[in-house]
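Residues per chain are reported as follows:
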Amino acid sequence: MVFNHSLLLLLLLSFHHQSYMMVLSQRNNDETLHKLTGASDKDGKILQRSKRGWMWNHFFLLEEYTGTEYQYVGKLHSDQDRGDGSVKYVLSGEGAGTLFLINENSGDIQATKKLDREEKAYYTLRAQAVNKKTGRPVEPESEFIIKIHDINDNEPKFTKETYLASVPEMSDVGTFVVQVTATDADDATYGNSAKLVYSILQGQPYFSVEPETGIIRTALPNMNRENKENYHVMIQAKDMAGQMGGLSGTTTVNITLTDVNDSPPRFPQSSYHLSTSESAEIGATVGRIKANDADVGENADIQYNIVSGDGQDLFKIVTDRSTQEGVITVKRQLDFENKRIYLLKVEAVNTHLDHRFLHLGPFKDTATVKISLQDMDEPPVFSKSFYVFEVHEDAAPGSFIGAITAYDPDAANHPVKYSVDRHTDLDRLFDIDSGNGSISTLQPLDREMSKWQNISIVATEINNPRLTSRVPVFIKVLDVNDNAPEFAMFYETFVCENVKSGQLIQTISAVDSDEPLIGHKFAFSLSTTNPNFTIFDNEDNTARILTRRSGFSRREMSYYLLPVVISDNDYPIQSSTSTLTIRVCACDSRGNMQSCNAEALMLPAGLSTGALVAILLCIIILLIIVVLFAALRRQKKKEPLIISKEDVRDNIVSYNDEGGGEEDTQAFDIGTLRNPEVMDANKLRRDIIPEMLFPFRRTSPIKDNADVRDFINSRLQDNDMDPTAPPYDSLATYAFEGNGSIAESLSSLESAATDGDQDYDYLSNWGPQFKKLADMYIGKDTDKET
């Protein structure tokens, strides 16, 4: 530190001397230059340069001044200053008057506080010499620069506080890892204040750093991630080119070794012992084994295989990718009684190999797996997966059909009992002997109802009833000739009245529910000799019906019944008699039927005369009901003269109520005039005069020129003041016809206002529109007088 202070003092003195030399007058500079060079023109005369009163370029000032007084910068002086105090020096520009002060008499410049080059490296100012008395400049304004000289006051700083880097394990020496960078705020163009040198403080001998570039490289060969994965390296950057007294900064570099496949898989033990139940289902897990691999990621992926052993066909091994374990599962059904112990040789192999490290292999390993089976109490096993038996349909109940067998596969060989699953034999057609498994019939069978019977037989271990097995049994019901043949269809046969003898009228065929082995062979014949018809067997399971005479008459006989005997040729022979109905019809010359007897037409349909009569009676009754219903609806639809509920005083309504006159409001309900259908059936009788607590109050008459508002207000006031009004809300209807009609009111409801009869002769003067009304009322008056 003493050396540094001495150096700064020498620099300061040299700067001051340089500044002083810069303020020498231009005249002295010119004279000195002329003497030294001896410049002259061609004539030998001495050359003279143009004079400049003063001149300067730079002032230099050290940063971070720590003195108590103002720091001296330099001096300005003009050769026009005679020293008599007539010249004043003026300073302007950056920091003038604040950072930099000038003595206006002497021209000395001083800095008022310490400066930081890192904040501002130089200041540009302007100086001028002015005559104090006249205020005029004696020298033109000149510009100069005060440059701040740097000192080493900033330590190097790295761009990151912590660096993260990685390098593959087993890398060669000198492999690039990462580059660190530091910066120094000091002036790099002046001295060594910003010249940095990198060094490693922590992390040797594994890594090294290049002093000039900050590049970190591996320094130790064959670094193994499995031994050590993470490294913390500390790097230092020092200025002053690394010399003593320089400032320094540090950073930490966390380096991780990435994995390569340099570790082969190895089983921790050479043999494994597993066990499983013989009842384990296919795909069930027997056990897990694992080979250890120090690598990670895909370098640790392992594929397991069964390479040999006596259980290769019964077991398989797959790899669990999440745990890198080998999972041994059941491949086929196991049997403890057949074999109890199996040996497997299992191999573990890396799936991703790195050829650079194959010399560290082999990258696979083998182990022996011993699998023991555990005996389980198994359900009985049938000798077949299904059974098929045959039985004739005429077999008597209790007939033997066949036998099934089941056994206990366990070594104990417990006895087994048999039973029929009644859910598959709801009709209880079969039975089985619980001891020997013999199946027999319980009821007669019918092949025509069902050709096959499918049942299930249950075998149960006697010592453990929970252990059961099932087997399907298919029983074929064999055919026996127990059904007689019959017509294949219903025949609608007719014979023409003009038919000739020996003419074909129908071809018939037959069917049989039985199924003989050599096929059906039917024989057709008549039960008795018939004088009208005969039959001819075609010997192909069909027959022809022929006439034996010519000409038939519907009047004599409308239809004929012809019994036909059909028999088969199976054993025992079965036969049946089917009746053929032959109608007598009228036909044209070509033999086409035109009409037949109605009764004969209905007989084949199976309807009797009584049934037809009953149907006709039902139809007649339904028609009568429909007619009555329509008549009732027509009466209901006859609407009254007045339907609307509104006041229709101008309509003429005929009603049957004598009453006590128009003023008898208790006996007459005006609602009848509005709509007789809306009369309330629950109203009290209006023809009974109730006892009144107050006398009847007649409404005030309506003025001739009253408008609607006055009329309504008048009626409202009358109702409000009416002492006979009910003590509850009620509906009051105010009907007002209005004024302005020449004919005035035509209603007879207010006829009580006049004591005498009215004269309606004026209606005939109102025009043809009122002619009908005039005829009605004038005619009534004439009747009354008569």
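Note that the structure is predicted; figures quoted are calculated from it, not measured. (Residues numbered from 1 in each chain as written. Predicted model: local features only at pLDDT ≥ 70, side-chain atom pairs only at ≥ 80, totals over all residues. Heavy atoms only, no water.)

Enquirer: Looking at this structure, I do not really get the confidence of the model for the chain. What am I missing?
Expert: Detailed reading of the predicted coordinates is not advisable wherever pLDDT falls low. Mean pLDDT for the chain: 78, with 76% of residues reaching 70 or above. Every residue in residues 1-53 is under pLDDT 50, and counting partners more than four places away or in other chains gives 42 contacts. Long-range and interchain partners of residues 598-606, a stretch whose pLDDT sits below 50, account for ten contacts in this model, where long-range means more than four residues apart. (pLDDT = per-residue confidence, 0-100. Contact = heavy atoms within 4.5 Å.)

Enquirer: Help me understand empty space enclosed by the protein, please; the structure alone is not making it clear to me.
Expert: The probe, sized like a water molecule, is rolled over the atoms to show the empty space still left. Applying the stated criterion across every chain yields a total of one cavity of 30 Å³ or more. Each pocket or cavity is described by its volume, and for the largest cavity that value is around 40 Å³. Taken together, Asn481, Asp512, Asp514, Pro516, Gly519, His520, Lys521, Asp568, Asn569 and Asp570 form the lining of the largest cavity. For the lining of the largest cavity, the class distribution of residues is one nonpolar, four polar and five charged. (1 Å grid on protein atoms, 1.4 Å probe; cavity = no way out; pocket = protein on both sides within 12 Å on 5 of 7 lines; lining within 4 Å. Points joined across faces, edges and corners; volume = space filled by probe spheres on them. Nonpolar A, V, L, I, M, F, W, Y, C, P; charged D, E, K, R; others polar.)

Enquirer: Help me understand the pattern of salt bridges in this model?
Expert: Two side chains that carry opposite charge are able to pair once their charged atoms sit near each other. On inspection of all chains with the given rule, the structure shows 18 salt bridges. Of the charged contacts in the structure, one is a salt bridge between aspartate 310 and lysine 339, with a shortest N-O distance of 3.6 Å. Taken as a pair, aspartate 310 in the loop between strand E19 (302-309) and strand E20 (315-320) and lysine 339 in the loop between strand E21 (325-330) and strand E22 (341-350) lie far apart in primary sequence, 29 residues in all. Since its relative accessible area comes to 42%, aspartate 310 is described here as partly exposed. (Salt bridge = Lys/Arg side-chain N within 4 Å of Asp/Glu carboxyl O. Helix = DSSP H or I, 4+ residues; strand = E, 2+ residues; numbered from the N terminus. Buried < 20%, exposed > 50% of the residue type's maximum accessible area, 1.4 Å probe, protein only.)

Enquirer: Looking at this structure, how should I read the packing of aromatic side chains?
Expert: Considering all chains together, one arrives at 13 aromatic pairs under this definition. Taking 5.6 Å as the distance between ring centres and 70° as the angle between the ring planes, the aromatic pair formed by phenylalanine 315 and tyrosine 342 counts as edge-to-face. Note that phenylalanine 315 is positioned in strand E20 and tyrosine 342 in strand E22, a separation of 27 residues in sequence. Here phenylalanine 315 falls in the buried class, since its relative accessible area comes to 1%. Looking at tyrosine 342, the relative accessible area reads 4%, which means it is buried. Geometrically, the ring pair formed by phenylalanine 533 and tyrosine 560 is edge-to-face, given 5.7 Å between the ring centres and 70° between the ring planes. Note that phenylalanine 533 is positioned in strand E37 (residues 533-537) and tyrosine 560 in strand E39 (residues 559-567), a separation of 27 residues in sequence. Within the aromatic cluster, the residues linked to one another by ring pairs are Tyr206, Phe207 and Tyr231. Over the ring of tyrosine 342 we find lysine 339; its NZ or CZ atom is 5.6 Å from the centre of that ring. (Phe/Tyr/Trp six-rings, centres within 6.5 Å; stacked < 30°, edge-to-face > 60°. Lys NZ or Arg CZ within 6 Å of the ring centre and 35° of its normal.)

Enquirer: Is there a simple way to explain the sheet that holds strand E38 (residues 542-547) in this structure?
Expert: The strands making up a sheet associate through backbone hydrogen bonding, with each pair oriented either parallel or antiparallel. If you walk across this open sheet you meet the four strands as E33-E35-E38-E37, and the pairing is antiparallel. Only two strands of the sheet have a single partner each, and these edge strands are strand E33 (486-487) and E37. Examined bridge by bridge, strand E35 (residues 504-511) and E38 share five bridges and lie antiparallel to one another. Counterpart to threonine 507 in the pairing with E38 is arginine 544. (Pairing = 2+ DSSP bridges.)

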